[in-house]
Amino acid sequence: MTTTTTRTATVPGLAGQVLAGYGDRVTLHDLYDEAGASVYHDLAAVDTTEIRELLRSARAVPGPVLELAAGSGRLTLPLLALGREVTALELKESMVALLRERLTEAPAGIGRRCTVVRGDMSAFDLGGTYAVVVLGTTSVSLLDAGGRAGLYASVRSHLMPGGRFLLSTVDLTGGGPDDLDVEAMGASGRRYRMIENWPAGHEVRKVTILPPEREVPEDGPVLALTTSIRVLPPDDLTRELAAAGLRVVARHALPAASPRHTGVLLEAEAV
Ligand SMILES: C[S@@+](CC[C@H](N)C(=O)[O-])C[C@H]1O[C@@H](n2cnc3c(N)ncnc32)[C@H](O)[C@@H]1O
(Lines give C-alpha, C1' and ligand atoms only; values in the text may rest on other atoms or scores of the structure.)
Protein backbone atom coordinates (compact mmCIF):
# COMPACT_ATOMS: atom_id res chain seq x y z
CA MET A 1 0.00 0.00 0.00
CA THR A 2 1.42 3.40 -0.95
CA THR A 3 0.56 6.24 1.41
CA THR A 4 1.25 9.93 0.97
CA THR A 5 2.05 11.56 4.28
CA THR A 6 2.69 15.28 4.23
CA ARG A 7 4.30 17.39 6.97
CA THR A 8 1.88 19.51 8.99
CA ALA A 9 4.34 22.41 8.69
CA THR A 10 3.19 22.72 5.07
CA VAL A 11 -0.38 23.59 6.13
CA PRO A 12 -0.92 27.37 6.15
CA GLY A 13 -3.16 29.62 8.24
CA LEU A 14 -5.72 28.52 10.80
CA ALA A 15 -5.54 24.82 9.87
CA GLY A 16 -1.77 24.90 10.38
CA GLN A 17 -2.23 26.45 13.85
CA VAL A 18 -4.91 23.93 14.83
CA LEU A 19 -2.79 20.99 13.66
CA ALA A 20 0.29 22.36 15.45
CA GLY A 21 -1.77 22.21 18.67
CA TYR A 22 -2.23 18.45 18.19
CA GLY A 23 1.55 18.03 17.82
CA ASP A 24 2.99 14.80 16.52
CA ARG A 25 -0.36 13.00 16.86
CA VAL A 26 -1.36 14.37 13.46
CA THR A 27 -1.17 12.14 10.40
CA LEU A 28 -1.61 14.31 7.34
CA HIS A 29 -2.62 12.78 4.02
CA ASP A 30 -3.67 13.88 0.57
CA LEU A 31 -7.48 13.98 0.32
CA TYR A 32 -7.42 11.52 -2.59
CA ASP A 33 -4.99 8.87 -1.25
CA GLU A 34 -6.01 5.64 0.52
CA ALA A 35 -6.56 7.37 3.84
CA GLY A 36 -8.53 10.22 2.29
CA ALA A 37 -10.65 8.45 -0.34
CA SER A 38 -13.31 7.18 2.09
CA VAL A 39 -13.69 10.64 3.67
CA TYR A 40 -13.91 12.25 0.24
CA HIS A 41 -16.53 9.73 -0.76
CA ASP A 42 -18.50 10.22 2.48
CA LEU A 43 -18.70 13.98 1.76
CA ALA A 44 -19.24 13.57 -2.00
CA ALA A 45 -22.19 11.19 -1.44
CA VAL A 46 -24.28 14.05 -0.01
CA ASP A 47 -23.04 16.72 -2.42
CA THR A 48 -25.46 17.46 -5.28
CA THR A 49 -23.62 20.57 -6.49
CA GLU A 50 -23.81 21.08 -10.28
CA ILE A 51 -25.50 17.74 -11.04
CA ARG A 52 -28.74 19.29 -12.30
CA GLU A 53 -26.98 21.85 -14.53
CA LEU A 54 -24.52 19.26 -15.85
CA LEU A 55 -27.27 16.80 -16.77
CA ARG A 56 -29.26 19.54 -18.50
CA SER A 57 -26.29 20.41 -20.72
CA ALA A 58 -25.31 16.77 -21.34
CA ARG A 59 -28.89 15.82 -22.26
CA ALA A 60 -28.83 18.32 -25.15
CA VAL A 61 -26.00 16.42 -26.90
CA PRO A 62 -26.85 12.75 -27.53
CA GLY A 63 -24.11 10.15 -27.60
CA PRO A 64 -21.41 8.61 -25.45
CA VAL A 65 -19.95 10.50 -22.51
CA LEU A 66 -16.38 10.70 -21.26
CA GLU A 67 -16.06 11.83 -17.67
CA LEU A 68 -12.63 12.99 -16.49
CA ALA A 69 -11.45 12.92 -12.86
CA ALA A 70 -14.48 10.81 -12.02
CA GLY A 71 -13.51 10.18 -8.39
CA SER A 72 -15.88 7.80 -6.64
CA GLY A 73 -18.68 8.46 -9.13
CA ARG A 74 -20.61 11.42 -7.72
CA LEU A 75 -21.34 12.57 -11.29
CA THR A 76 -20.80 9.23 -13.07
CA LEU A 77 -23.96 7.61 -11.70
CA PRO A 78 -26.29 10.49 -12.64
CA LEU A 79 -24.69 10.52 -16.13
CA LEU A 80 -25.33 6.78 -16.45
CA ALA A 81 -28.91 7.37 -15.34
CA LEU A 82 -29.36 9.42 -18.53
CA GLY A 83 -29.08 6.10 -20.36
CA ARG A 84 -25.70 6.89 -21.96
CA GLU A 85 -22.53 4.85 -22.35
CA VAL A 86 -20.04 6.48 -19.96
CA THR A 87 -16.26 6.14 -19.83
CA ALA A 88 -14.94 7.31 -16.47
CA LEU A 89 -11.27 8.25 -16.23
CA GLU A 90 -9.60 8.66 -12.83
CA LEU A 91 -5.97 8.91 -11.72
CA LYS A 92 -5.98 7.49 -8.20
CA GLU A 93 -6.26 3.76 -7.65
CA SER A 94 -8.08 4.31 -4.34
CA MET A 95 -10.82 6.30 -6.09
CA VAL A 96 -10.99 3.84 -9.00
CA ALA A 97 -11.60 1.02 -6.51
CA LEU A 98 -14.43 2.97 -4.83
CA LEU A 99 -15.95 3.80 -8.20
CA ARG A 100 -15.90 0.16 -9.35
CA GLU A 101 -17.56 -0.87 -6.08
CA ARG A 102 -20.33 1.71 -6.51
CA LEU A 103 -20.93 0.69 -10.12
CA THR A 104 -21.33 -2.94 -9.09
CA GLU A 105 -23.90 -1.93 -6.46
CA ALA A 106 -25.74 0.55 -8.71
CA PRO A 107 -29.43 -0.21 -9.37
CA ALA A 108 -30.82 -1.70 -12.59
CA GLY A 109 -27.38 -2.74 -13.81
CA ILE A 110 -26.61 0.78 -15.02
CA GLY A 111 -22.98 0.24 -13.94
CA ARG A 112 -22.56 -2.17 -16.86
CA ARG A 113 -22.72 0.80 -19.24
CA CYS A 114 -19.63 2.31 -17.62
CA THR A 115 -16.03 1.69 -18.63
CA VAL A 116 -13.59 2.69 -15.92
CA VAL A 117 -10.12 3.73 -17.00
CA ARG A 118 -7.23 4.57 -14.74
CA GLY A 119 -5.48 7.48 -16.41
CA ASP A 120 -4.20 11.02 -16.29
CA MET A 121 -6.56 13.68 -17.66
CA SER A 122 -3.58 15.81 -18.71
CA ALA A 123 -2.45 13.19 -21.26
CA PHE A 124 -4.80 10.46 -22.43
CA ASP A 125 -5.56 8.56 -25.60
CA LEU A 126 -8.60 6.30 -25.39
CA GLY A 127 -8.82 5.54 -29.10
CA GLY A 128 -12.40 6.82 -29.42
CA THR A 129 -14.51 9.99 -29.59
CA TYR A 130 -17.36 11.23 -27.40
CA ALA A 131 -20.37 13.51 -27.75
CA VAL A 132 -19.77 14.99 -24.31
CA VAL A 133 -16.60 15.30 -22.24
CA VAL A 134 -17.30 16.22 -18.61
CA LEU A 135 -14.85 17.63 -16.09
CA GLY A 136 -16.87 18.61 -13.04
CA THR A 137 -16.30 19.67 -9.45
CA THR A 138 -13.85 22.43 -10.53
CA SER A 139 -11.26 19.67 -11.09
CA VAL A 140 -9.64 21.58 -13.98
CA SER A 141 -8.02 23.64 -11.23
CA LEU A 142 -6.13 20.59 -9.95
CA LEU A 143 -3.82 20.94 -12.98
CA ASP A 144 -1.00 23.43 -13.52
CA ALA A 145 -0.69 25.36 -16.81
CA GLY A 146 1.26 22.56 -18.52
CA GLY A 147 -1.23 19.96 -17.33
CA ARG A 148 -4.15 22.05 -18.58
CA ALA A 149 -2.52 22.43 -22.03
CA GLY A 150 -2.28 18.62 -22.20
CA LEU A 151 -5.88 18.30 -21.01
CA TYR A 152 -7.22 20.64 -23.71
CA ALA A 153 -5.29 18.85 -26.49
CA SER A 154 -6.51 15.46 -25.24
CA VAL A 155 -10.13 16.69 -24.96
CA ARG A 156 -10.07 18.16 -28.49
CA SER A 157 -8.93 14.87 -29.96
CA HIS A 158 -11.71 12.97 -28.13
CA LEU A 159 -14.65 15.23 -29.10
CA MET A 160 -17.01 14.11 -31.87
CA PRO A 161 -17.98 16.81 -34.40
CA GLY A 162 -20.56 18.98 -32.62
CA GLY A 163 -19.48 17.55 -29.26
CA ARG A 164 -19.31 19.57 -26.04
CA PHE A 165 -16.71 19.90 -23.30
CA LEU A 166 -18.51 20.68 -20.02
CA LEU A 167 -16.32 21.95 -17.20
CA SER A 168 -16.90 23.80 -13.98
CA THR A 169 -14.85 26.38 -12.17
CA VAL A 170 -15.30 28.95 -9.43
CA ASP A 171 -15.94 32.65 -9.62
CA LEU A 172 -14.80 34.86 -6.78
CA THR A 173 -17.24 36.82 -4.67
CA GLY A 174 -14.19 38.50 -3.14
CA GLY A 175 -13.21 39.73 0.30
CA GLY A 176 -13.52 38.01 3.66
CA PRO A 177 -10.96 36.57 6.04
CA ASP A 178 -8.07 34.34 4.92
CA ASP A 179 -9.61 31.27 6.55
CA LEU A 180 -13.11 29.89 6.20
CA ASP A 181 -13.88 27.40 8.97
CA VAL A 182 -17.04 25.30 8.45
CA GLU A 183 -18.46 21.99 9.58
CA ALA A 184 -19.98 19.46 7.17
CA MET A 185 -21.73 16.12 7.61
CA GLY A 186 -21.03 13.11 5.40
CA ALA A 187 -23.50 10.44 4.22
CA SER A 188 -22.43 8.29 7.19
CA GLY A 189 -23.54 10.99 9.65
CA ARG A 190 -19.90 11.68 10.53
CA ARG A 191 -18.99 15.33 10.96
CA TYR A 192 -15.91 17.02 9.52
CA ARG A 193 -14.26 20.37 10.12
CA MET A 194 -13.21 21.95 6.83
CA ILE A 195 -10.82 24.88 6.83
CA GLU A 196 -10.15 26.66 3.56
CA ASN A 197 -7.14 28.96 3.49
CA TRP A 198 -7.34 31.52 0.70
CA PRO A 199 -5.52 34.81 1.32
CA ALA A 200 -6.54 37.63 -1.05
CA GLY A 201 -4.69 37.48 -4.35
CA HIS A 202 -3.33 33.95 -3.84
CA GLU A 203 -3.71 31.68 -6.84
CA VAL A 204 -4.17 28.56 -4.76
CA ARG A 205 -6.65 27.76 -2.00
CA LYS A 206 -5.79 25.01 0.41
CA VAL A 207 -8.51 22.91 2.02
CA THR A 208 -7.80 20.90 5.18
CA ILE A 209 -10.30 18.41 6.61
CA LEU A 210 -10.00 17.31 10.22
CA PRO A 211 -12.28 16.16 13.06
CA PRO A 212 -14.32 18.84 14.85
CA GLU A 213 -12.48 20.07 17.97
CA ARG A 214 -14.98 18.38 20.35
CA GLU A 215 -14.41 14.98 18.71
CA VAL A 216 -10.62 15.01 18.84
CA PRO A 217 -9.56 12.29 21.34
CA GLU A 218 -7.35 13.11 24.36
CA ASP A 219 -4.62 10.99 22.87
CA GLY A 220 -4.07 8.84 19.80
CA PRO A 221 -3.76 9.82 16.16
CA VAL A 222 -5.62 12.72 14.54
CA LEU A 223 -6.25 12.22 10.83
CA ALA A 224 -6.04 15.37 8.73
CA LEU A 225 -6.50 15.54 4.95
CA THR A 226 -5.39 18.24 2.62
CA THR A 227 -5.74 19.32 -0.99
CA SER A 228 -4.63 22.36 -2.98
CA ILE A 229 -6.95 23.90 -5.55
CA ARG A 230 -5.92 26.59 -8.00
CA VAL A 231 -8.29 29.48 -8.52
CA LEU A 232 -9.21 29.70 -12.20
CA PRO A 233 -11.83 32.43 -12.72
CA PRO A 234 -14.16 31.70 -15.67
CA ASP A 235 -12.97 34.66 -17.79
CA ASP A 236 -9.34 33.47 -17.56
CA LEU A 237 -10.37 29.91 -18.26
CA THR A 238 -12.46 31.00 -21.26
CA ARG A 239 -9.43 32.81 -22.75
CA GLU A 240 -7.19 29.83 -22.08
CA LEU A 241 -9.67 27.43 -23.70
CA ALA A 242 -9.99 29.69 -26.77
CA ALA A 243 -6.21 29.75 -27.20
CA ALA A 244 -6.30 25.95 -27.15
CA GLY A 245 -9.00 25.75 -29.85
CA LEU A 246 -11.97 25.25 -27.51
CA ARG A 247 -14.57 28.02 -27.79
CA VAL A 248 -16.91 28.61 -24.86
CA VAL A 249 -20.45 28.73 -26.28
CA ALA A 250 -22.47 28.83 -23.04
CA ARG A 251 -21.94 29.70 -19.41
CA HIS A 252 -24.29 28.66 -16.59
CA ALA A 253 -24.23 29.95 -13.03
CA LEU A 254 -24.10 27.25 -10.37
CA PRO A 255 -25.43 27.67 -6.83
CA ALA A 256 -22.94 29.22 -4.37
CA ALA A 257 -20.26 26.66 -3.47
CA SER A 258 -19.27 28.57 -0.32
CA PRO A 259 -19.82 32.03 1.17
CA ARG A 260 -16.94 33.40 -0.90
CA HIS A 261 -17.20 31.70 -4.27
CA THR A 262 -19.88 30.71 -6.75
CA GLY A 263 -19.59 28.04 -9.37
CA VAL A 264 -19.81 28.40 -13.14
CA LEU A 265 -20.37 25.64 -15.69
CA LEU A 266 -18.77 26.29 -19.08
CA GLU A 267 -19.75 24.60 -22.34
CA ALA A 268 -17.05 24.59 -24.98
CA GLU A 269 -16.80 23.19 -28.50
CA ALA A 270 -13.78 22.46 -30.67
CA VAL A 271 -13.05 25.05 -33.39
C1 LIG B 1 -12.58 17.11 -6.70
S2 LIG B 1 -12.46 15.37 -7.03
C3 LIG B 1 -13.88 15.19 -8.06
C4 LIG B 1 -14.34 13.78 -8.18
C5 LIG B 1 -15.76 13.62 -8.76
N6 LIG B 1 -15.88 14.23 -10.07
C7 LIG B 1 -16.78 14.21 -7.82
O8 LIG B 1 -17.50 15.11 -8.22
O9 LIG B 1 -16.85 13.74 -6.68
C10 LIG B 1 -11.11 15.36 -8.13
C11 LIG B 1 -10.71 13.97 -8.63
O12 LIG B 1 -9.71 14.15 -9.62
C13 LIG B 1 -8.76 13.12 -9.52
N14 LIG B 1 -7.55 13.57 -10.21
C15 LIG B 1 -6.60 14.42 -9.76
N16 LIG B 1 -5.68 14.62 -10.71
C17 LIG B 1 -6.07 13.89 -11.78
C18 LIG B 1 -5.52 13.68 -13.07
N19 LIG B 1 -4.39 14.28 -13.45
N20 LIG B 1 -6.17 12.86 -13.93
C21 LIG B 1 -7.31 12.24 -13.56
N22 LIG B 1 -7.88 12.39 -12.34
C23 LIG B 1 -7.26 13.21 -11.46
C24 LIG B 1 -8.63 12.93 -8.01
O25 LIG B 1 -8.06 11.69 -7.70
C26 LIG B 1 -10.09 13.06 -7.58
O27 LIG B 1 -10.74 11.83 -7.58
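Treat the numbers as computed from the prediction; the structure is a model and nothing was measured. (Residues numbered from 1 in each chain as written. Predicted model: local features only at pLDDT ≥ 70, side-chain atom pairs only at ≥ 80, totals over all residues. Heavy atoms only, no water.)

Enquirer: What exactly am I supposed to notice about helix α2 (residues 34-44) here?
Expert: An α-helix turns once per 3.6 residues; consequently, residues spaced three or four apart project the same way. Taken across its eleven residues, α2 has eight buried, putting it largely inside the fold. Burial in α2 covers these residues: Gly36, Ala37, Val39, Tyr40, His41, Asp42, Leu43 and Ala44. Residues of α2 that are buried in the fold lie against β1 (26-30), α5 (93-105), β7 (179-185), β8 (191-197), β9 (204-210) and β10 (222-230). A side-chain oxygen of the first residue of α2 lies 2.8 Å from the backbone nitrogen of Ala35; this N-cap is Asp33. (Buried < 20%, exposed > 50% of the residue type's maximum accessible area, 1.4 Å probe, protein only. Helix = DSSP H or I, 4+ residues; strand = E, 2+ residues; numbered from the N terminus. Contact = heavy atoms within 4.5 Å. Polar contact = N/O pair within 3.5 Å; in protein donor to acceptor, adjacent residues only side chain to side chain.)

Enquirer: Looking at this model, I keep getting lost on the pattern of salt bridges. Mind explaining?
Expert: Any two side chains of opposite charge can pair, so long as their charged atoms come close to each other. This structure, assessed with the given rule, holds 15 salt bridges. As a salt-bridge pair, Glu93 and Arg118 come within 3.1 Å of each other at their nearest N and O atoms. On the criterion of sequence distance, the pair formed by Glu93 in helix α5 and Arg118 in strand β4 (residues 114-118) is long-range, its members being 25 residues apart. Taken together, the salt bridges that share partners define one network made up of Arg164, Arg247, Glu267 and Glu269. (Salt bridge = Lys/Arg side-chain N within 4 Å of Asp/Glu carboxyl O.)

Enquirer: In this structure, what is going on with the site of the ligand? I would like to understand it.
Expert: In the vicinity of the ligand lie 19 residues, with Tyr40, Arg74, Glu90, Asp120 and Thr137 positioned nearest. Leu91 is positioned such that a nitrogen or oxygen atom in its backbone is 3.3 Å from a nitrogen atom of the ligand. A distance of 2.5 Å separates an oxygen atom of the ligand from a polar side-chain atom of Thr137. Protein contacts shield 94% of the accessible area of the ligand, which totals 590 Å² for the unbound molecule. (Near = heavy atom within 4 Å. Areas by Shrake-Rupley, 256 points an atom, 1.4 Å probe, with all protein chains shown as cover.)

Enquirer: Teacher, can you tell me more about the packing of aromatic side chains here?
Expert: For any pair of aromatic rings, the description rests on two quantities: the centre-to-centre distance and the angle between the ring planes. Applying the stated rule across the entire model yields one aromatic pair. When the ring of Tyr32 is compared with that of Tyr40, the centres are 5.2 Å apart and the planes differ by 65 degrees; the resulting orientation is edge-to-face. Taking relative accessible area as the criterion, Tyr32 reaches 22% and is therefore assigned partly exposed. (Phe/Tyr/Trp six-rings, centres within 6.5 Å; stacked < 30°, edge-to-face > 60°.)

Enquirer: Hey, could you run me through the pairing of strand β2 (residues 65-68) in this one?
Expert: In the case of a regular strand, side chains alternate between the two sheet surfaces. Along β2, one buried face is formed by Val65 and Glu67 and the opposite face, lined by Leu66 and Leu68, is buried too. Pairing between β2 and strand β3 (residues 86-90): four bridges, direction parallel. Each residue of the ladder has a partner; that of Val65, found in β3, is Val86. Sheet topology places β2 next to strand β5 (residues 130-135); three bridges connect them, and they run parallel. Bridging across to β5, Glu67 finds its partner in Val134. (Pairing = 2+ DSSP bridges.)

Enquirer: How do you make sense of the sheet that holds β7 when you look at a structure like this?
Expert: Sheets are built from strands that pair by backbone hydrogen bonding, the pairs being arranged parallel or antiparallel. Pairing is mixed in the open sheet, where five strands are placed in the order β1-β10-β9-β8-β7. The two strands at the open ends of the sheet, each matched to only one other strand, are β1 and β7. Each strand of the sheet is rotated relative to its neighbour by a mean of 25 degrees, with strand direction disregarded. Sheet topology note: the β1/β10 ladder contains five bridges and is parallel. Looking across to β10, one finds that Val26 is bridged to Val222. (Axes fitted to C-alpha atoms, helices over the stretch in contact; angles between N-to-C directions.)

Enquirer: In this structure, what is going on with unusual backbone geometry? I would like to understand it.
Expert: Most of the time, phi is negative for any residue but glycine, and the peptide bond is trans. The phi dihedral of Glu50 is positive, around 70 degrees, even though this residue is not glycine. Along the polypeptide, Glu50 turns up in the loop between α2 and α3 (51-59). Since its relative accessible area comes to 3%, Glu50 is described here as buried. Positive phi, normally seen in glycine, also occurs at Ala108, with a value near 55 degrees. Its location among the elements puts Ala108 in the loop between α5 and β4. What makes Ala108 exposed here is its relative accessible area of 78%.

That is the geometry; function is a separate question.
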